[in-house]
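Residue-level listing of the chains:
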Amino acid sequence: MNDPREIMVIGFVESELEELMAGLEIDVKERLSNPLDDVIEPEIGRKFGVMISEDDFSAEGAIDYKPPAVKGEETNLEDVYDDINQVAEFISQASAKRDKLKKEE
């Protein structure tokens, strides 16, 4: 954030894991069709996160503990860890596919 030459993009997506993989397929095609090699450094840092709880920290009195939940549904943290590992694998597969196709061009 302190480097004026650095571009940071933050996006929020609500989707099922299958939809994420389809979106990554589109990303592979877009990045091959519209390469950014001339405008960015050789490395792109990518991070992702998963929302596991919606909390209200307004000044409406004491905040009682409640288990993590999104849209009123309690979050199963084991499922979250499994999903994170699956997303990481999807991203790895998409990156490998993009790199392979890029070399073939």
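Note that the structure is predicted; figures quoted are calculated from it, not measured.

Visitor: Quick rundown of the nonpolar core? Include the residues and the values.
Guide: L17, M21, L24, V28, L32, V87, F90 and A94 form the largest nonpolar core, which has eight residues in total. For this core, the secondary-structure elements that each account for two or more residues are α1 (17-33) and α2 (77-104). Broken down by element, the residue count for this core peaks at five residues, all from α1. In this view, V28 contacts A94, R98 and L101; residues no more than four positions away in its chain are not counted.

Visitor: Would you mind going over the packing of α1 against α2 in detail, with residue names and values included?
Guide: Contact geometry of α1 with α2 gives a least axis separation of 10 Å together with a crossing angle of 25 degrees. Taken together, the axes of α1 and α2 lie roughly parallel to each other. As for the relative orientation of α1 and α2, their crossing is right-handed in sense. The residues of α2 that touch α1, namely those facing L17, L20, M21, L24, E25, V28, R31 and L32, are D83, Q86, V87, F90, I91, Q93, A94, K97, R98, L101 and K102. A per-class count over the contact of α1 with α2 returns 11 nonpolar, two polar and six charged.

Visitor: Let's hear about a negative patch on the surface: which residues, and what values?
Guide: Together, E54, D55, D56 and E60 make up a region of like negative charge exposed at the surface. Note on placement: E54 falls in the loop between α1 and β1 (69-70).

Visitor: Tell me about unusual backbone geometry, and please be specific about residues and values.
Guide: You will see that K71, though not glycine, has its phi angle at about 55 degrees, which is positive. Positionally, K71 belongs in the loop between β1 and β2 (73-74). Its relative accessible area of 60% is what places K71 among the exposed residues.

Parameters and conventions
- Residues numbered from 1 in each chain as written.
- Predicted model: local features only at pLDDT ≥ 70, side-chain atom pairs only at ≥ 80, totals over all residues.
- Heavy atoms only, no water.
- Core = buried A, V, L, I, M, F, W, Y, C linked by side-chain atoms within 4.5 Å.
- Buried < 20%, exposed > 50% of the residue type's maximum accessible area, 1.4 Å probe, protein only.
- Helix = DSSP H or I, 4+ residues; strand = E, 2+ residues; numbered from the N terminus.
- Contact = heavy atoms within 4.5 Å.
- Axes fitted to C-alpha atoms, helices over the stretch in contact; angles between N-to-C directions.
- Parallel < 35°, antiparallel > 145°, perpendicular 65-115°, else oblique.
- Left-handed = near helix turned anticlockwise from the far one by under 90°.
- Nonpolar A, V, L, I, M, F, W, Y, C, P; charged D, E, K, R; others polar.
- Patch = residues over 30% accessible without salt bridge, like charges linked within 9 Å, V, L, I, M, F, W, Y side chains within 5 Å.
- Areas by Shrake-Rupley, 256 points an atom, 1.4 Å probe, with all protein chains shown as cover.
- Salt bridge = Lys/Arg side-chain N within 4 Å of Asp/Glu carboxyl O.
- Lys, Arg positive; Asp, Glu negative; His and termini not counted.
- Charge placed at Lys NZ, Arg CZ, Asp CG, Glu CD.

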